[in-house]
Amino acid sequence: QVQLVESGGGLVQPGGSLRLSCAASGSIFSIYRWTWYRRAPGKQRDLVATITSGGTTTYADSVKGRFTISRDNAKHTVYLQINTLRPEDTAVYYCNADASPTFYSGSRPYWGQGTQVTVSS
């Protein structure tokens with residue numbers, strides 16, 4: 001199976017930056033798509049950014065120009081560079097991998113445990 005572990009969250013002042021990481025481990029044949037989601041207090045989980053195996057990226061309108069998703073296929077890791085943070089970016093950020101553990105298995109989504117990002121002065 002595939003395990004995902006996020007890191008890089010924390011408390012940051014408005015206007016600051018963070019880089020979140022999510023590393024996959026375990027049995028990994030291929031990771032087809034990485035996605036970052038976030039859940040703000042009292043709100044539903046929202047998609048933030050996606051990157052495909054070919055490097056195609058998509059972003060939620062609310063983060064375009066401030067967030068950058070990237071991946072390191074050799075390290076089975078995805079990153080989310082977050083710049084110009086705003087209080088409304090406060091949320092738990094989750095990574096999701098659409099992955100296959102083996103050559104013979106189909107792909108399915110795997111989730112990390114989440115990392116808290118708090119933007120406050």
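To be clear, the structure that these remarks concern was listed above.
What counts, and at which threshold
- Counting of residues starts from 1 at the beginning of each chain's written sequence and follows it residue by residue.
- Owing to the predicted nature of the model, reporting of local features is limited to residues with pLDDT of at least 70; listing and counting of side-chain atom pairs is limited to 80 or more, with chain, interface and lining totals taken over all residues.
- In computing side-chain values, all of the structure's heavy atoms are included and hydrogens and water are not.
- The numbering of helices and of strands both runs from the N terminus, where a helix is a DSSP run of H or I of at least 4 residues and a strand a run of E of at least 2.
- Burial classification: accessible surface area is computed with a 1.4 Å probe over protein chains only, and a residue below 20% of its type maximum counts as buried, one above 50% as exposed, and the rest as partly exposed.
- Two residues qualify as a contact provided that any one of their heavy atoms is within 4.5 Å of a heavy atom in the partner residue.
- The accessible surface values rely on the Shrake-Rupley method and a 1.4 Å probe; as for residues, cover is taken only from the protein chains in view.
- For the purpose of charge, His is not counted, nor are the chain termini; Lys and Arg are scored as positive and Asp and Glu as negative.
- Here the site of a charge means atom NZ of a Lys, CZ of an Arg, CG of an Asp or CD of a Glu.
- Patch definition: residues with relative accessible area over 30% and no salt bridge; like charges joined within 9 Å; nonpolar side chains (Val, Leu, Ile, Met, Phe, Trp, Tyr) joined within 5 Å.
- Salt bridges are defined by distance alone: a side-chain nitrogen of Lys or Arg within 4 Å of a carboxyl oxygen of Asp or Glu.
- Take the buried residues of types Ala, Val, Leu, Ile, Met, Phe, Trp, Tyr and Cys, join any two whose side-chain atoms come within 4.5 Å, and each joined set is a nonpolar core.

Participant: Mind showing me how you'd approach the overall build of the protein chain here?
Facilitator: Each helix and strand counted, the protein chain has zero helices and 11 strands in total. Secondary structure elements of the protein chain occur, N-terminal to C-terminal, as β-β-β-β-β-β-β-β-β-β-β. Here the C-alpha coordinates of the protein chain stretch approximately 50 × 25 × 25 Å along the principal axes. Residues classed as buried in the protein chain amount to 43% of the 121 residues present. Taking the contacts inside the protein chain whose residues are at least 6 apart along the sequence as the reference set, 56% of them involve residues at least 24 apart. Carbon and sulfur atoms make up 49% of the accessible area of the protein chain, which totals about 6,300 Å². Where the 12 positive side-chain charges of the protein chain centre and where its 7 negative ones centre are 2 Å apart.

Participant: Any chance you could explain the environment of Ala97 here in plain terms?
Facilitator: Its place among the elements puts Ala97 in strand S9 (residues 91-100). Residue classification places Ala97 among the buried positions, given a relative accessible area of 0%. On a C-alpha basis, the gap between Ala97 and Ala23 in space is 9.9 Å, while along the polypeptide they are 74 residues apart. The residues touching Ala97, leaving out its near neighbours within four places in the chain, are Leu4, Ile31, Arg33, Trp34, Arg108, Pro109 and Tyr110.

Participant: Please clarify how the environment of Val78 should be interpreted in this entry.
Facilitator: Take Val78: it is sitting in strand S8 (residues 77-82). A relative accessible area of 0% places Val78 in the buried class. The sequence separation of Val78 and Thr35 amounts to 43 residues, and the corresponding C-alpha distance is 8.6 Å. Excluding its chain neighbours within four sequence positions, the residues that come into contact with Val78 are Leu20, Ser21, Cys22, Trp34, Trp36, Ile51, Ile69, Ser70 and Arg71.

Participant: Would you take a moment to explain a nonpolar patch on the surface for this structure?
Facilitator: Where nonpolar side chains cluster on the molecular surface, the patch consists of Phe29, Tyr32, Phe103 and Tyr104 and spans about 530 Å² of accessible area. For Tyr32, the location among the structural elements is in strand S4 (residues 30-39). Residue class for Tyr32 comes out partly exposed when judged on its relative accessible area of 30%.

Participant: Got a minute to help me understand the nonpolar core in this structure?
Facilitator: Considering soluble globular proteins, one finds that nonpolar side chains tend to be buried as a cluster. Counting 31 residues, the largest nonpolar core has Leu4, Trp34, Trp36, Val48, Leu80 and Tyr93 as the members making the most contacts within it. Mapped by element, the contributors of at least two residues to this core are strand S1 (2-7), strand S3 (18-26), S4, strand S5 (45-52), strand S7 (67-72), S8, S9 and strand S11 (115-119). Among the elements that take part in this core, S9 stands out by supplying five residues, more than any other.

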